[in-house]
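Breakdown of the fold
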There are 4 protein chains.
Amino acid sequence: MVIRVGIVGVTGYTGEALIDILLRHPNAVIMNLFSRVEKPCAVSDIWPKFKNRTRLMCEKIDIKKMSQDCDVVFLSLPHTVSMDIVPFLLKNGKTVIDLSADYRLKNVKTYESFYKVKHKDAGNVGKAVYGLSELYRNKIKDAKLVANPGCYPTAAILGISPLVALNLIDPEHVIIDAKSGTTGAGKKASEDFLASEVNEDFRAYKVNVHQHIPEINQELSRLGGEKINVTFVPHVLPVNRGILETVYLKKLKGSVKDTAAVIKLYKKFYKNEPFIRIREEGVFPRLKDVVGTNFCDIGLRVSGDTVIAVAVIDNLLKGAAGQAVQNMNIIFRLPEYTALL
Amino acid sequence: MVIRVGIVGVTGYTGEALIDILLRHPNAVIMNLFSRVEKPCAVSDIWPKFKNRTRLMCEKIDIKKMSQDCDVVFLSLPHTVSMDIVPFLLKNGKTVIDLSADYRLKNVKTYESFYKVKHKDAGNVGKAVYGLSELYRNKIKDAKLVANPGCYPTAAILGISPLVALNLIDPEHVIIDAKSGTTGAGKKASEDFLASEVNEDFRAYKVNVHQHIPEINQELSRLGGEKINVTFVPHVLPVNRGILETVYLKKLKGSVKDTAAVIKLYKKFYKNEPFIRIREEGVFPRLKDVVGTNFCDIGLRVSGDTVIAVAVIDNLLKGAAGQAVQNMNIIFRLPEYTALL
Amino acid sequence: MVIRVGIVGVTGYTGEALIDILLRHPNAVIMNLFSRVEKPCAVSDIWPKFKNRTRLMCEKIDIKKMSQDCDVVFLSLPHTVSMDIVPFLLKNGKTVIDLSADYRLKNVKTYESFYKVKHKDAGNVGKAVYGLSELYRNKIKDAKLVANPGCYPTAAILGISPLVALNLIDPEHVIIDAKSGTTGAGKKASEDFLASEVNEDFRAYKVNVHQHIPEINQELSRLGGEKINVTFVPHVLPVNRGILETVYLKKLKGSVKDTAAVIKLYKKFYKNEPFIRIREEGVFPRLKDVVGTNFCDIGLRVSGDTVIAVAVIDNLLKGAAGQAVQNMNIIFRLPEYTALL
Amino acid sequence: MVIRVGIVGVTGYTGEALIDILLRHPNAVIMNLFSRVEKPCAVSDIWPKFKNRTRLMCEKIDIKKMSQDCDVVFLSLPHTVSMDIVPFLLKNGKTVIDLSADYRLKNVKTYESFYKVKHKDAGNVGKAVYGLSELYRNKIKDAKLVANPGCYPTAAILGISPLVALNLIDPEHVIIDAKSGTTGAGKKASEDFLASEVNEDFRAYKVNVHQHIPEINQELSRLGGEKINVTFVPHVLPVNRGILETVYLKKLKGSVKDTAAVIKLYKKFYKNEPFIRIREEGVFPRLKDVVGTNFCDIGLRVSGDTVIAVAVIDNLLKGAAGQAVQNMNIIFRLPEYTALL
């Protein structure tokens, strides 16, 4: 099978990661690369690492062209730009995997309040399938529009889901202490993310007001069938790639007995999942275990009535481009790990 | 006033920091440096940064010599080594500031269980004053033996104390997510702390079983007058210096109203403290604000009934050598910030 | 075609990189992993990143077993250990790719003087082919023993060869200023390579006495047909992976005219090489262009009679495991880039 | 003695370093801080690390005000901005220490060609004293305008001067391989200096065309009494602070015999210099030895007719703010190390 692929947005780290994966993909052919460039240029001029690997050109965004050549279009664009393009692509029958936040939140008002912009394509929000592969595999199979999850939500939801799905924890007490590498902030010039500002530093930011909070709440609430409102504090790590989230939960009386029990429960919940790895008792995952891969690794400990979960992912892979390709594999009935191991 | 000072243990990062501060101290003269060296050597051969600043020699540990020349002796030794030396120094009337854990825990059994060693000087534990300057200033004034606090406990206790002292939070719900630079692990060769293992990595360790937990519990429980048992997860940051702790507390009904109220409360509690700085609403401290200084900066936010506190210190200064000198200043009735600004 | 592969030495970074590449290799099957382990263990216990990718076990080194199952054996061992194993493997008809320094230097006395050990298998040194794929491709095709080049020599020789081969530079004036990431120093516990010592630091070491100097001299002298004695100063970079070498050469009168001419010359010399990329005038390669790949990128500038060349490689790939697999591909007549793009 | 000081430009790293030093200076009082701010603000709002250390305000640049209150004015401004202010300050009898490049190059045409701007105050260039304290101490004593040296030139000139001053090396063969931390690039938002671009990377830039080259050439040529034209390649290090330069020189026949001889020569040349430290044979300095200090450390080795010198400084201290205060100390006849040890 050959899948004809287009990518819109290739100058950012997510776009780079998409190209890297898709060049290795045995069933995908990249037909077009679009970006905000003035005139066509070799993608290897933007990313010299691709020299000798591809002669692909990157062109100015051309909405008609992208809907002619491709079966599937990946949108690796800033929030609020995707929704300018999606309606046209859907109308032309394309499958769209959108890596921005534009179609993740079912409540358009919440989107507008957190992203501080009016939604221009509210009509398609309902059609979008939330692309967390492990939870929505069956819906993704037939999706025409996948809203690929945010990086923080991916680790958070995967790290908490088994206990929420079985209603084993106190829904009023979900604390997520998150730490992310700097590629999560993108490639735009910024004083805050200068090397001189980030190195030998560590800081919290958007303390409990981050725009990924409603996304996590939406999915956990849906899964648990009750309102869950997490406490979420993200921090900037002086590393390029990787997210580690330390989650503190309060188990309900009589729910899970001890660490062994909660590990067993997670292993069962994620049975047969190719990209979820549960650590044994006493062992916790670290960034190095997953950076450069599409895995999400989870370690667990129960102390008294507190459950501590540590979840790690590569923010650019399982947290973005890797999961996007995983979703493409699901849609095209390919082995889910194709090009991802 | 001239204080004659001896330092035992100078090859580690804490010893280096002590020398650095004391060389700048207008009232202190370093008389002796002792360490596990084979034969006397210039301290600038151990730390080339001290060349042209001092001609001090470092000698083999000589317990008699150190009690002759000095008014105060700083012990910057591994845990369990201090208690071999302290009894002799106290007997000879010296003032001792011990930077190890040997005299911090009032319950000797707890010490023995967490540090996995038999205590050899239990008799002096009761005489030791816990050297958190802000909480024990009056006792430190007359102390002959100061048990200088651990780095994690310093940030944790300072970050939580105002709410605990006034019994405004749920004692069963104190969560501390701590992140420390690598100098906290010392200078001993170790595979786990190789640059190749630490850089581009981030990991949790000793998840809720770290030896600093009983120290934090002891002090918070004493302060609050009720048993407090914290949840504590430390992580290794790829930076040299600095600790940031994100603390999650649950305020009791009707205690503090909002962020402004809790900030006001902290400012009042730490009024006149030269080294505690409370951030304004919406602003949180970062490592860079305190690394290289003796300050502890704290930022706060109230969300629903959750209080989030972010506390940062330099682990080698306020978390070790800086606080040790602050305590010396207190003992000798010097301005507390002498040599520390 | 299926090549049965064994790897000896898997606990180091080079061993990890070999496994990673060979698991992706469509024509290779890893039959055995050997290492200094006490009892057999899953390789994913040593390197958790391989969980869910392989169930391979790592066994105690068993010289007989490794010669039964494998067509080719990769030795990723410390210097001086390889020569204990190589004779037996050769006697049993195995193809050996040795990543240590044991068979690189044709002059055994030089080896013994720089590596400070007696050579135990001098008889096989003459049979070893120096595995710099670009220069020795034809000999590698029929080699039974490949001495895979050192990391520094790979970048140095590739960066200088075109000018030396054509005798266009002064042989008495070859200056190599080399900078390497910390994985080049291996994974053994060491105070010098602690994160606290490496981060925010940069240092020269083994200034013009490094053991890779005779290797570079041997190859450049052979290529130029005249004695070349380089000046070589290596430095430790606070990054995990990558080598950048800045080379200063003096062109002979009337040799190459200008930057454009020298670039043209390099492009011609490396025509058809899949892994050598020459940058255009005014552009120089950086670590990020090659880390994670098997490429060697080279940038050039002529200023007066000085030629400046900047060569970059990933020390664990083109500088070790990648080039080793490239050599295996050559021996087994596979496309040279198999599993390496 | 009390020196009244003004600083223009405080939002950059050099301005921050100046404030930090001058707050510790026993003879200096900072009277004014000026910067491109819209309205007056506390300097501790710009740099939270100064909270509790000073209540100084930072004001909009006011050329009249700054010439009323101060004896000496430090200009820590971007190149080309200083020359707008200097004439007025000199006319009003102020002593000016300019940390920009505007008055360093005696040849105005060279300045204009390298900095790509017309010089607006060529008349004062001749009056400026080049502020390399070790070489120009006597002239600095009576200077009204000090052109504080660039960071790269400081390390380069100090590392090479003894051999050039005594005409012991080939003037056509001076190669400087320089590596600098990121604060050298300033605090302006820039994609090239994002943490994600700098970390795990290393790159050469402005290869032999850097604007500091004419400054190094000017000073070495003057010192040697013959035209010296260096080869200079700077690189970006993933550290915040520090410059290390590896210098390759060719000694003339019969000049210095060996490493011991060259070390002796350097020690004699820099006899009594408080901030120059020459390493013993076999030992080379590293960034950590000097970062946070005003020292320049130099290590040396002679191999054949090549002399290798490694010089290290803190780019913000000896390479900028530290040397500026050293020059102020010289002008005001204070001990040169005041506030700098």
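What you see is a predicted model; the values in this text were computed from it and never measured.

Overview of the interface of chain C and chain B
Contacts between the two partners involve 19 residues from chain C, matched on the other side by 19 residues from chain B. Of all residues in chain C, the largest losses of buried area upon contact with chain B belong to Leu 194, Ser 196 and Asn 240 of chain C, amounting jointly to 33% of the total for that side. In this structure, the connection of chain C to chain B is made through two salt bridges. Across the salt bridge formed by Lys 187 of chain B and Glu 191 of chain C, the nearest N and O atoms sit 3.3 Å from each other. Where chain C packs against chain B, one counts 13 residue pairs in polar contact (both at pLDDT 80 or more). Within the side of chain C that touches chain B, the residues separate by chemical class into seven nonpolar, seven polar and five charged.

Thoughts on the environment of Lys 251 of chain C
Residues and elements named next belong to chain C. By the secondary structure assignment, Lys 251 is in strand E12 (residues 243–251). Along the backbone, Lys 251 and Leu 168 are 83 residues apart, and their C-alpha atoms lie at a distance of 5.9 Å. What Lys 251 contacts, discounting residues up to four positions off in sequence, is Leu 168, Ile 169, Val 256, Lys 257, Val 302, Gly 304, Asp 305 and Val 307.

Let's talk about helix H11 (residues 259–269) of chain C
Residues and elements named next belong to chain C. Of all the positions in H11, only Thr 259, Val 262, Ile 263, Leu 265 and Tyr 266 are classed as buried. Mapping the buried residues of H11 onto a view down its axis gives an arc of 160°, with all of them on the same face. Among the exposed residues of H11, those oriented more than 90 degrees off its buried face are Lys 264 and Lys 268. The secondary structure elements touched by the buried residues of H11 are helix H8 (151–165), strand E13 (276–278), strand E14 (296–303) and strand E15 (306–313).

Quick word on the relation of the copies chain C and chain B
After a rotation of 180° and a shift along the axis of 0.0 Å, chain C superposes on chain B with an RMSD of 0.0 Å. In the structure described here, the two chain copies are related by an operation that fits a two-fold rotation axis. A shared interface surface links the copies, since 100% of the contact residues of chain C are contact residues in chain B too.

Quick word on the sheet that holds strand E7 (residues 129–130) of chain A
Residue and element names in this part refer to chain A. Strand order in the open sheet formed by eight strands is E3-E4-E2-E1-E5-E6-E8-E7, and the pairing between neighbours is mixed. One side of each edge strand has no neighbouring strand; the edge strands of this open sheet are strand E3 (41–42) and E7. As paired elements, E7 and strand E8 (residues 145–147) share two bridges and run parallel to each other. Its bridge partner being in E8, Val 129 is matched across the sheet by Val 146.

Concerning the sheet that holds strand E12 (residues 243–251) of chain D
All names here are of chain D. With mixed pairing, seven strands are arranged side by side in an open sheet as E10-E11-E9-E12-E15-E14-E13. Each having just a single partner strand, strand E10 (203–204) and strand E13 (276–278) make up the two edges of the open sheet. Here E12 pairs with strand E15 (residues 306–313) via eight bridges, running antiparallel. Looking at the pairing, Ile 243 lines up with Ile 313 of E15.

Overview of the pattern of salt bridges
Using the criterion set out here, one finds 100 salt bridges over all chains in the structure. The salt bridge partner of Asp 45 of chain C is Lys 51 of chain C, with a shortest N-O separation of 3.7 Å. For Asp 45 of chain C, a relative accessible area of 54% corresponds to the exposed category. On the basis of relative accessible area, Lys 51 of chain C is assigned to the partly exposed category, the value being 21%. The network of salt bridges with common partners includes Asp 177 and Lys 179 of chain A together with Asp 177 and Lys 179 of chain B.

Conventions adopted
- Residues numbered from 1 in each chain as written.
- Chains lettered and ligands numbered in written order.
- Predicted model: local features only at pLDDT ≥ 70, side-chain atom pairs only at ≥ 80, totals over all residues.
- Heavy atoms only, no water.
- Contact = heavy atoms within 4.5 Å.
- Buried area = accessible area lost by both parts, 1.4 Å probe.
- Salt bridge = Lys/Arg side-chain N within 4 Å of Asp/Glu carboxyl O.
- Polar contact = N/O pair within 3.5 Å; in protein donor to acceptor, adjacent residues only side chain to side chain.
- Nonpolar A, V, L, I, M, F, W, Y, C, P; charged D, E, K, R; others polar.
- Helix = DSSP H or I, 4+ residues; strand = E, 2+ residues; numbered from the N terminus.
- Buried < 20%, exposed > 50% of the residue type's maximum accessible area, 1.4 Å probe, protein only.
- Arc of directions from axis to C-beta.
- Least-squares fit on C-alpha atoms with pLDDT ≥ 70 in both.
- Pairing = 2+ DSSP bridges.

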